[in-house]
Amino acid sequence: AGSAVGDRTQVVRATGMDSATLARQLAADPEVAYAVPNRRKRVLAAPNDPFYLQGPSVNLNAQTGGPISGQWYLRAPDDTLRSAIGIEAAWSRTLGSSDVVVAVLDTGVRFEHPDLGRASAGGPLLPGYDFVNDAEVANDGSGRDADPSDPGDWTTAAENNNVSGLFHACGPFDPASGRYQATTSSWHGTITASLVGARTNNSVGMAGAAPGVKVLPLRVLGKCFGYDSDIIAAMRWAAGIPIDGVPDNPNPAQVINMSLGGEGSCSAAYQDAINEILARNVTIVAAAGNSAGAPVGTPANCTGVIAVLALRHAGTKVGFSDLGPEIAIAAPGGNCINIGAGEPCLYPILAATNAGARGPEGSIWTDAFNA
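Residues numbered from 1 in each chain as written. Predicted model: local features only at pLDDT ≥ 70, side-chain atom pairs only at ≥ 80, totals over all residues. Heavy atoms only, no water.

**Student:** Give me the layout of surface pockets: which residues, what numbers.
**Tutor:** Looking at the second largest pocket, its volume works out to about 980 Å³. Taken together, 41 residues make up the lining of the second largest pocket; nearest its centre are Gln10, Val11, Val36, Pro37 and Asn38. (1 Å grid on protein atoms, 1.4 Å probe; cavity = no way out; pocket = protein on both sides within 12 Å on 5 of 7 lines; lining within 4 Å. Points joined across faces, edges and corners; volume = space filled by probe spheres on them.)

Shown next as structure tokens:
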């Protein structure tokens, strides 16, 4: 038996068969409600297109707070910025209530980032929890624990080329050498948390969309991927549902955000958890997926989840965003407008990240605000 997923749900392992075979055998037992493979989910970040990632120099100007285009996605829409959301109209009514908790299920978070910080010190971040059960995937020396800090999700070339290892093919493939390359850390959880609730009007960095809310960081993704069992357990815990072996959540969320996903239809395990969470009046939001127009991935394709499609600044679908009838809403996703190689990315999604950290050789903390 592996880690708990819910009150009546458990990870089960066996030797001599793959997960799909084990699931079929267990599902045939009349005492078992359902059994599904424990698949992997990955960060749904901006594509690693070099033009997308190479934004202009940081400009901490009070008006822009970042690249030349600044936080264009928050401004009032116009003929150029058709998908901008006009946040100031919302801010005139509320910056978000501190009674509202948004759970961000992701790679964890850098609590020390100058645009974030712990709630106990005036920042938006609640203590949260680390649900990554596999210590090798977690990359922090332990399994589930009370510290959702992001240690980085980098992988080495050796790991990515080890056909019998967990991280085989996690990095980009180099056809010239015939090998998979190393990856640097994404800091995706910090990016996502900053888009939700970065400190605002503090003369530092960027503005969050809802700077008055509290953000509950739940670490469910480690090196390269995260398991469904950890994601589902964290979803339940975020909504205030007890999980065996984990202390009860003192700050149940009203909103669960998941900028993650994977291929395939919604499994019974996800839908069961989602039904239980929706019954508690918790809103679940998930990215449609970044597979360049493929069907909407899981968990965004589950019933009751608000699936979000990404838009260019011009109001059309970004090429990397997936598409399907499950889409409930569209929102700015960022893109580049370039004339020639090496020119700056004009319309990225500006967000907070730890751009100074580069991998297993260690990290250098820098205050960085970029796509």
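**Student:** How would you explain the sheet that holds strand β9 (residues 226-227) if you had to name every residue and give the values?
**Tutor:** Taken together, the 3 strands give an open sheet; going across it, the order is β9-β3-β11, and neighbouring strands pair in antiparallel fashion. A single partner strand is all that each edge strand has here, and the edge strands are β9 and β11 (260-261). One ladder, built from 2 bridges, connects strand β3 (residues 40-43) with β9; its direction is antiparallel. Each bridged residue has a counterpart across the sheet, and for Lys41 the counterpart in β9 is Gly226. (Pairing = 2+ DSSP bridges. Helix = DSSP H or I, 4+ residues; strand = E, 2+ residues; numbered from the N terminus.)

**Student:** Give a description of unusual backbone geometry that names residues and reports values.
**Tutor:** The linkage connecting Thr298 with the following residue, Pro299, adopts the cis geometry, with an omega of 15 degrees. With respect to the helices and strands, Pro299 occurs in the loop between β12 (283-287) and β13 (306-311). Residue Ala169 is not a glycine yet carries a positive backbone phi of 70 degrees. Structurally, Ala169 is set in the loop between α5 (157-160) and β6 (173-174). Look at Ala169 and you get partly exposed, because its relative accessible area is 34%. (Buried < 20%, exposed > 50% of the residue type's maximum accessible area, 1.4 Å probe, protein only.)

**Student:** Residue-level account of the nonpolar core, with values.
**Tutor:** If you look at soluble globular proteins, the nonpolar side chains tend to sit buried side by side. In this structure, Leu105, Phe131, Leu218, Met235 and Met258 are the most contacted members of the largest nonpolar core, which totals 42 residues. Mapped onto this core, the elements with two or more residues apiece are β1 (4-6), β4 (101-106), β8 (214-219), α7 (228-238), β10 (255-258), α8 (268-278) and β12. Once residues lying within four places of it in the same chain are set aside, the contact partners of Phe131 are Arg144, Leu218, Arg219, Val220, Asp230, Ala233, Ala234, Trp237 and Val246. Core analysis: the next-biggest nonpolar cluster, separate from the first, contains 13 residues, Ala207, Ile349, Leu350 and Ala352 among them. (Core = buried A, V, L, I, M, F, W, Y, C linked by side-chain atoms within 4.5 Å. Contact = heavy atoms within 4.5 Å.)

**Student:** Tell me about the side chain of Asp145, and name the residues and values.
**Tutor:** When you line up the elements, Asp145 lands in the loop between α4 (135-138) and α5. There is no salt bridge for the buried Asp145, and the closest opposite charge comes from Arg219, which lies 6.7 Å off by N-O distance. In terms of polar contacts, Asp145 uses its side chain to reach the side chain of Ser142, at 2.7 Å. Excluding residues that lie within four positions of it along the chain, Asp145 makes contacts with Tyr129, Asp130 and Asp140. (Lys, Arg positive; Asp, Glu negative; His and termini not counted. Salt bridge = Lys/Arg side-chain N within 4 Å of Asp/Glu carboxyl O. Polar contact = N/O pair within 3.5 Å; in protein donor to acceptor, adjacent residues only side chain to side chain.)

**Student:** Go over the packing of aromatic side chains with me, naming the residues and quoting the values.
**Tutor:** Taken as a whole and judged by the stated rule, the model has 8 aromatic pairs. Here the aromatic residues Trp72, Tyr73 and Tyr347 are joined through ring pairs into a cluster of three or more. The ring centre of Trp154 lies 3.8 Å from the NZ or CZ of Lys223, which sits over that ring. Here Lys223 stacks its cationic end above the ring of Phe167, 5.4 Å away from the centre of that ring. (Phe/Tyr/Trp six-rings, centres within 6.5 Å; stacked < 30°, edge-to-face > 60°. Lys NZ or Arg CZ within 6 Å of the ring centre and 35° of its normal.)

**Student:** Give a detailed account of the pairing of β10, specifying residues and quantitative values.
**Tutor:** Pairing geometry for β4 and β10, over 4 bridges, is parallel. Bridged to Val102 within β10 is Val255. Judged from the 4 bridges that link them, β10 and β12 form a sheet pairing that is parallel. Note on β12: the bridge partner recorded for Asn257 is Val285.

**Student:** I'd love a proper account of the sheet that holds β8, names of residues and values included.
**Tutor:** Reading across from one edge, β5-β8-β4-β10-β12-β13-β14 is the order of the 7 strands in this open sheet, with parallel pairing throughout. Looking along the sheet, the strands with just one partner apiece sit at the ends: β5 (129-130) and β14 (327-332). In the sheet, β4 pairs with β8 via 6 bridges, with the strands oriented parallel. Of the residues in β8, the one forming a bridge with Asp106 is Arg219. Relative to β4, helix α6 (residues 188-197) is tilted by about 160 degrees, and along the sheet it contacts β4, β8 and β10. (Axes fitted to C-alpha atoms, helices over the stretch in contact; angles between N-to-C directions.)

**Student:** Any chance you could break down the pairing of β3 for me, citing the residues and the numbers?
**Tutor:** Bridge count for β3 against β11 is 2 bridges, and the pairing is antiparallel. Of the residues in β11, the one forming a bridge with Arg42 is Gly261.

**Student:** Could you give an account of the pattern of salt bridges, naming the residues involved and the relevant values?
**Tutor:** Counted under the stated rule, the structure contains 8 salt bridges. Residue Arg236 pairs with Asp272 through a salt bridge whose shortest N-O separation is 3.2 Å. Taken together, the residues Arg236 in helix α7 and Asp272 in helix α8 connect sequence positions 36 residues apart. Here Arg236 makes a salt bridge to Glu276, at a shortest N to O gap of 2.8 Å. Of the two residues, Arg236 is situated in helix α7 and Glu276 in helix α8; the sequence distance between them amounts to 40 residues. By relative accessible area, Arg236 is classed as buried at 2%. Assessed through its relative accessible area of 32%, Glu276 is described here as partly exposed.

**Student:** So what's going on with the state of the cysteines? Which residues, and what values?
**Tutor:** All chains considered together, the criterion is met by 2 disulfides. Across the disulfide from Cys170 sits Cys224; the S-S distance is 1.8 Å. Measuring handedness by torsion sign, the sulfur bridge of Cys170 and Cys224 sits at about -95 degrees and is left-handed. Pair noted here: Cys170 is in the loop between α5 and β6 and Cys224 is in the loop between β8 and β9, with a separation of 54 residues, a long-range link. A sulfur-sulfur distance of 2.1 Å marks the disulfide that ties Cys266 to Cys302. Across the S-S bond of Cys266 and Cys302 the torsion is about 100 degrees, and the bridge reads as right-handed. Pair noted here: Cys266 is in the loop between β11 and α8 and Cys302 is in the loop between β12 and β13, with a separation of 36 residues, a long-range link. Cys266 gets classed as partly exposed once you look at its relative accessible area, which sits at 23%. (Disulfide = S-S within 2.5 Å.)

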